[in-house]
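Here is what each chain is made of, one letter per residue.
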Amino acid sequence: MRKLTQALSAACLLFTVNCTVADAHASSPSPLYTGTNVAKLAEQAPIHWVSIAQIENSLLGRPPMAVGFDIDDTVLFSSPGFWRGQKTWGDDYLKNPAFWEKMNNGWDAFSIPKEAGRALIAMHVKRGDSIYFVTGRSQTKTETVSKMLQDDFLIPGINMNPVIFAGEKAGQNTKVQWLREKNIKVFYGDSDNDITAARDAGARGIRLLRASNSTYRPLPNAGAYGEEVIVNSEY
């Protein structure tokens, strides 16, 4: 009788342990981390990556020329001003002249110059190139953007030209005419429109990466047109 009691107790204990383990497995959450592997980490997009040094080398032996830059997300991280504009005037803030008056006359004090922009502009200044900024911003009666860019990027007066406010028109790439008019040979930008404008104007279009925290969404697919894309140019 004593042996039977011990056997029953052992069976009950084993049953209880199994149930506890089963319950624990049933209530365990799915793994938080799916993990990765070397192949995923090493994967790179098959696009034409270039460095600023390679661009400079490609221009060796060529005389000084006119080069152009888009502004927002190309040489400036200007999302703080655009974020404030949306909060102040709502989703249609880009159509509001009051926003552009603010943006073009002081709000760029909150914009952060991109290091890739600094290096590119310094390289072109060293070459003696004429620097143009061609932006899709709307034109305003006054602007402080030209002076701010010249000061932030240390552009000598002989190389600097006033900012061209090309604006935007439905169904028209407004930058093309300006690139042609100023005979711009190389144009840098972050958007698809910058690259297509360069090509339509017969210029060499080179892409800078748009920062992932930019307010300008969706992020473009850099390299989609086969253009050169500058490495580490998101900041």
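A quick note: this is a predicted structure, and the numbers were derived from the prediction, not measured.

Judged from the four bridges that link them, strand β7 (residues 184-189) and strand β8 (residues 204-207) form a sheet pairing that is parallel. Residue Tyr-188 lies in a different strand from β8, and its bridge partner there is Ile-206. Once you follow β7 into helix α9 (residues 192-200) and on to β8, the crossover reads as right-handed. The pairing of β8 with strand β9 (residues 228-230) spans two bridges and is classified as parallel. In the sheet register, Ile-206 faces β9, and the bridge partner there is Glu-228.

Below, the discussion takes up the environment of Arg-118. Along the chain, Arg-118 turns up in helix α6 (residues 115-127). Overall, the relative accessible area of 33% leaves Arg-118 in the partly exposed class. For the pair formed by Arg-118 and Ile-155, sequence separation is 37 residues and the distance between their alpha carbons is 9.9 Å. Not counting chain neighbours up to four residues away, the residues in contact with Arg-118 comprise Pro-113, Asp-152 and Phe-153.

Moving on: the UniProt feature "binding site: substrate" (unreviewed entry) in the protein chain. The UniProt entry lists Thr-135, Gly-136 and Lys-175 under the feature "binding site: substrate" (unreviewed entry), expressed in the numbering used here. The named residues occupy 41 residues along the chain; their greatest pairwise C-alpha distance, 7.6 Å, places them in one compact cluster. From the set just named, the residues that line the largest pocket comprise Thr-135, Gly-136 and Lys-175. Within the secondary structure, Gly-136 sits in the loop between β5 (130-135) and α7 (145-152). Excluding residues within four positions of it along the chain, Gly-136 makes contact with Gly-167, Glu-168 and Lys-175. Looking at the element boundaries, Lys-175 is found in helix α8 (residues 175-181). Residue Lys-175 is classed as buried on the basis of its relative accessible area, which comes to 8%. Those residues in contact with Lys-175 that sit more than four places away from it in its chain are Asp-70, Val-134, Thr-135, Gly-136, Ala-166, Phe-187, Asp-194 and Ala-197. At 3.0 Å, the side chain of Lys-175 and the side chain of Asp-70 are in polar contact.

Before going further, it helps to examine the UniProt feature "binding site: Mg(2+)" (unreviewed entry) in the protein chain. In this numbering, the UniProt entry assigns the feature "binding site: Mg(2+)" (unreviewed entry) to Asp-70, Asp-72 and Asp-190. In terms of the greatest pairwise C-alpha distance, the residues named above, spread along 121 residues, form a tight cluster of at most 8.3 Å across. Annotated residues from the preceding list that form part of the lining of the largest pocket: these are Asp-70, Asp-72 and Asp-190. We classify Asp-70 as buried; its relative accessible area is 5%. Ignoring any residue separated from it by four or fewer positions in sequence, one finds Asp-70 in contact with Val-75, Val-134, Thr-135, Lys-175, Phe-187, Tyr-188, Gly-189, Asp-190 and Asp-194. Within the fold, Asp-72 resides in the loop between β2 (66-69) and β3 (76-77). Dropping the residues within four chain positions of it, Asp-72 is found in contact with Ser-78, Phe-82, Thr-135, Arg-137 and Asp-190. Reaching out from Asp-72, the side chain makes a polar contact with the side chain of Ser-78 at a distance of 2.6 Å.

Here the bond from Arg-217 into Pro-218 is cis, since omega is 0°, no more than 30 degrees from zero. With respect to the helices and strands, the residue Pro-218 is situated in the loop between β8 and β9. Here Asp-73, not a glycine, exhibits a phi torsion of approximately 70°, which is positive. The topology assignment puts Asp-73 in the loop between β2 and β3. Accessibility expressed as a relative area gives 5% for Asp-73, which makes it buried. Despite not being glycine, Leu-154 has its phi angle at roughly 55°, a positive value.

Taken together, the seven strands give an open sheet; going across it, the order is β1-β9-β8-β7-β2-β5-β6, and neighbouring strands pair in parallel fashion. Either end of the sheet is taken by a strand with one partner, and the two such strands are β1 (48-50) and β6 (164-165). In terms of strand pairing, β5 meets β6 through two bridges, oriented parallel. Across the sheet, the residue bridging to Val-134 is Ile-164, located in β6. Helix-sheet contacts for α6 involve β2, β5, β7 and β9, and the interaxial angle to β2 is about 170°.

Definitions and limits used
- Residues numbered from 1 in each chain as written.
- Predicted model: local features only at pLDDT ≥ 70, side-chain atom pairs only at ≥ 80, totals over all residues.
- Heavy atoms only, no water.
- Pairing = 2+ DSSP bridges.
- Helix = DSSP H or I, 4+ residues; strand = E, 2+ residues; numbered from the N terminus.
- Right-handed = clockwise from strand over helix to strand, strands pointing away.
- Buried < 20%, exposed > 50% of the residue type's maximum accessible area, 1.4 Å probe, protein only.
- Contact = heavy atoms within 4.5 Å.
- UniProt positions renumbered as here; feature names shortened; annotations may be inferred.
- 1 Å grid on protein atoms, 1.4 Å probe; cavity = no way out; pocket = protein on both sides within 12 Å on 5 of 7 lines; lining within 4 Å.
- Polar contact = N/O pair within 3.5 Å; in protein donor to acceptor, adjacent residues only side chain to side chain.
- Axes fitted to C-alpha atoms, helices over the stretch in contact; angles between N-to-C directions.

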